[in-house]
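Reading the structure
What follows is each chain in one-letter form.
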Amino acid sequence: MSTPEPAGTTPSAPAAPVSHAHPRFADALAELGLQVEVRRFPDATRTAAEAAAAVGCALSEIVKSLVFAADGVPVLVLMDGSSRVDLELVRRELGAGKVERADAAVVRETTGYAIGGVPPFGHATRTRVLADRRILDHALVWAAAGTPHTVFPLDPKALIAHAGATVADVRESAK
């Protein structure tokens with residue numbers, strides 16, 4: 001038998017589902033109307049290899065969100081976990097004079113997230129985004145959900161669209 005609610009009160013609403021995503025990223029998901037499963041792991045998944053092992057997927061199904069500076073202006077590059085970014089190809093794609101990896105302070109200032117947890121969208125500032133074409137080789141990819149402990153799955157075409165990315169060939173070729 002349930003206890004009646006005291007007079008003058010309303011029944012309590014069911015609790016909203018707990019999101020394991022970073023609050024900023026959870027807000028971005030809600031704004032986009034995306035409902036994705038965010039997985040949280042007890043150990044950090046700061047590297048693509050750690051994330052792939054935790055998820056149980058191929059390394060190439062992890063999407064790394066990497067920040068570079070092109071002539072001093074931040075740019076985000078989405079790259080599959082098994083590949084490296086070719087800075088010369090990024091430079092050519094952007095028509096920049098110089099491209100280099102951004103430091104941790106620039107990454108946090110630009111995206112609002114720490115290295116190892118940067119998601120492909122939901123950033124503090126609007127940034128140009130390039131997505132390597134190889135991401136499209138998979139039916140489903142996994143990316144960081146704003147913390148080093150969280151990831152989420154998404155169709156790669158949707159991920160690229162939500163990131164506002166330009167698809168390009170910026171992967172370092174195998175030597």
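Located above this text is the structure these notes cover.
Now for a look at the structure at hand.

Calculation notes
- Residues numbered from 1 in each chain as written.
- Predicted model: local features only at pLDDT ≥ 70, side-chain atom pairs only at ≥ 80, totals over all residues.
- Heavy atoms only, no water.
- Phe/Tyr/Trp six-rings, centres within 6.5 Å; stacked < 30°, edge-to-face > 60°.
- Helix = DSSP H or I, 4+ residues; strand = E, 2+ residues; numbered from the N terminus.
- Buried < 20%, exposed > 50% of the residue type's maximum accessible area, 1.4 Å probe, protein only.
- Lys NZ or Arg CZ within 6 Å of the ring centre and 35° of its normal.
- 1 Å grid on protein atoms, 1.4 Å probe; cavity = no way out; pocket = protein on both sides within 12 Å on 5 of 7 lines; lining within 4 Å.
- Points joined across faces, edges and corners; volume = space filled by probe spheres on them.
- Pairing = 2+ DSSP bridges.

Looking at the packing of aromatic side chains
Per the counting criterion, the structure on display carries three aromatic pairs. Both rings, one in Phe-25 and one in Phe-152, keep their centres 5.0 Å apart while their planes meet at 45°; by these two values the pair is tilted. Of this pair, Phe-25 sits in helix 1 (residues 23-32) while Phe-152 is found in strand 7 (residues 150-154), placing the two residues 127 residues apart along the sequence. One exposure class covers both Phe-25 and Phe-152, and it is buried. Centre to centre, the rings of Phe-121 and Phe-152 are 6.1 Å apart; their planes meet at 75°, and the pair counts as edge-to-face. Placement of Phe-121 in the loop between helix 4 (104-111) and strand 5 (128-132) and of Phe-152 in strand 7 is noted, with a sequence separation of 31 residues between them. Using a relative accessible area of 4% as the deciding quantity, one classes Phe-121 as buried. Three or more aromatic residues joined by ring pairs form one cluster here, namely Phe-25, Phe-121 and Phe-152. Note that Arg-24 overlies the ring of Tyr-113, its terminal NZ or CZ placed 5.7 Å from the centroid.

Considering the layout of surface pockets
Rolled over the atoms, a probe as big as a water molecule pinpoints where empty space is left. The computed volume of the largest pocket comes to approximately 360 Å³. Together, 25 residues line the largest pocket, and Arg-46, Lys-64, Ser-65, Leu-66 and Gly-116 are the ones closest to its centre. Among the secondary structure elements, those contributing two or more residues to the lining of the largest pocket are helix 2 (48-55), strand 2 (62-70), strand 6 (141-144) and strand 7. If you tally residues by element for the lining of the largest pocket, the top one is strand 2, at six residues.

A short note on unusual backbone geometry
With a phi angle near 55°, Asp-71 is a residue other than glycine that sits in the positive phi range. Summarising the element assignment, Asp-71 is placed in the loop between strand 2 and strand 3 (73-80). With relative accessibility at 49%, the residue Asp-71 sits in the partly exposed group.

Some thoughts on the pairing of strand 3
In terms of residue burial, strand 3 counts as a mostly covered element, since six of its eight residues are buried. One ladder, built from eight bridges, connects strand 2 with strand 3; its direction is antiparallel. Among the inter-strand pairings, Lys-64 is bridged to a residue of strand 3, identified as Met-79. Counted along the chain from strand 2 to the antiparallel partner strand 3, the turn is two residues long, and its residue Asp-71 has a positive phi close to 55°. Sheet topology places strand 3 next to strand 5; four bridges connect them, and they run parallel. Each bridged residue has a counterpart across the sheet, and for Val-75 the counterpart in strand 5 is Arg-128.

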